[in-house]
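Listed here are the chains, written in short residue letters.
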Amino acid sequence: MINILFCGNDKVFDGMLTCALSILKRTDTREPFCFYVYTMDVSHLNEGYVPVTEQQMSFFEGVIKQYNDQNKAVKVDVTDIYMKEFSGCPNEGAYCSPYTLIRLFADMVDGMPDKLLYLDADIMFNRDICLLYGTDVEGYEYAAARDHYGKYLISPNYVNAGVLLFNMAEIRRTGLLSKARDQIRSKKLTFADQSAIIRSTTRKKMLAQKFNDQKFLHKHTVVRHFSKRMFWLPYPHTENIKQWQIDKVKKVFGYTCFDDIFEEYVSLKKRFDEETKSNGK
C-alpha cells in the first residue's frame, strides 16, 4: 500500500482531486493507494474553516477506485485533537491557516502506517510517484527537498515541508512530532509547522530538487509544487497560482504536460457540481 496524507478544510478538494489524478495517471504500479485526509471544524475561528465533506470524500474515493478498486480514501477528523493541543496557541493564526498544523498529529492518530507521504494540496506529479515513495528512509525521520528560496536566504539545507516522506516508526522513537507540537504551543514561529518540524529534527534525508520543484518544471521533475513564487517581469512581484486555476497555469507557465489530467479534472468537477446541486434540491 502506498500511503498519502492530505490536510485541510473543504477548500482543498480541488487540490486533492488534481494531485491524486496526477499520481494515478503518471504511476504504473499495481500497488493500491490509501489517501488519508486530516480535516477539522474550527469555524469558530473563521466561518470558512469547515471540514472536508462526506460528499467530497465519497466522490473522491469513487474517482480513485476507477484506477484500482483496492484504492481507498480515509477521512480523519482531528477537531478534538486540535482543540486539546493547539486551541489558543501562538500559531493559531498561522501564515496559511490552522490546517497547516494538523499534519503534526500523524503520530497521535491510531492506525497510521510506518511510511507516509505528506503532500500539500497544491502539488502535481509529473512522473511516477514510486521514484519518490521508494526512497529508503531507514534511520531517518523523514526525507525532504530544499526550499527554493530558503536554501539561499536561510540555510543551504533548509527544507520545504510541502513534500515530506515520513518514517513514522522513527518519528515515534525520536518524538519528532511531539517536540514540534511543543514548539507550536510555546512560541510564535515564522513558518509555524514547517519551522517547528525543522527545529525538532534529529536526522533527515535530503532529496533532490526534482522531488519538490517549487519554481520550475523540467523533464526530470517528479513533483511540481505550485507554491507562491517570485516573478521579475513586467516588474518584481509574487503570485500564488494553483494547478486547478488551469487558465492561469497555461497562460503564465505555458504547461501542456498536464493537459490529460486537467481534461479529466474539469469533467469530474462538472459532474461533482451537478451532483451537489441535485442533492441540494
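Further up the page is the structure itself.
Conventions we followed
Residues numbered from 1 in each chain as written. Predicted model: local features only at pLDDT ≥ 70, side-chain atom pairs only at ≥ 80, totals over all residues. Heavy atoms only, no water. Helix = DSSP H or I, 4+ residues; strand = E, 2+ residues; numbered from the N terminus. Rg over C-alpha atoms; globule rule 2.2 N^0.38 Å. Buried < 20%, exposed > 50% of the residue type's maximum accessible area, 1.4 Å probe, protein only. Contact = heavy atoms within 4.5 Å. Areas by Shrake-Rupley, 256 points an atom, 1.4 Å probe, with all protein chains shown as cover. Core = buried A, V, L, I, M, F, W, Y, C linked by side-chain atoms within 4.5 Å. Phe/Tyr/Trp six-rings, centres within 6.5 Å; stacked < 30°, edge-to-face > 60°. Lys NZ or Arg CZ within 6 Å of the ring centre and 35° of its normal.

### Side note on the overall build of the chain
Piece 1. Per the secondary structure count, the chain includes 10 helices and 11 strands.
Piece 2. The C-alpha radius of gyration computed for the chain amounts to 18 Å, which stays within 12% of the reference 19 Å derived for 281 residues, consistent with globular compactness.
Piece 3. Taken along the three principal axes of its C-alpha coordinates, the chain extends 45 × 45 × 40 Å.
Piece 4. Evaluated residue by residue, the chain yields a buried proportion of 56% over its 281 residues.
Piece 5. Excluding contacts between residues fewer than 6 apart, the proportion of contacts in the chain whose partners are at least 24 apart in sequence is 72%.
Piece 6. Summed over its atoms, the accessible surface of the chain is roughly 12900 Å², and 48% of this surface lies on carbon and sulfur atoms.

### Considering helix α8 (residues 192-200)
Piece 1. Burial analysis of α8 places 7 of its 9 residues in the buried class, the great majority of the element.
Piece 2. Here α8 has its buried residues at A192, D193, Q194, S195, A196, I197 and S200.
Piece 3. The secondary structure elements touched by the buried residues of α8 are β6 (142-145), β7 (163-167) and α7 (176-186).

### Describing the nonpolar core
Piece 1. Membership of the largest hydrophobic core comes to 52 residues, with the highest contact counts inside it found for I4, F35, F60, L117, L119 and F125.
Piece 2. C34, Y36, Y38 and F86 belong to the second largest nonpolar core, which has 39 residues in total.

### Considering the packing of aromatic side chains
Piece 1. Evaluation of the coordinates by the stated rule reveals 15 aromatic pairs.
Piece 2. Ring centres of F258 and F262 lie 6.1 Å apart, and the angle between their planes is 65°; on these two criteria the pair is classed as edge-to-face.
Piece 3. Residue F258 is classed as buried on the basis of its relative accessible area of 0%.
Piece 4. Taken together, the aromatic side chains of F226, F253, Y255, F258 and F262 make up a single cluster linked through ring pairs.
Piece 5. Looking at R224, its charged tip hangs above the ring of F253, at a distance of 5.0 Å from the centre.

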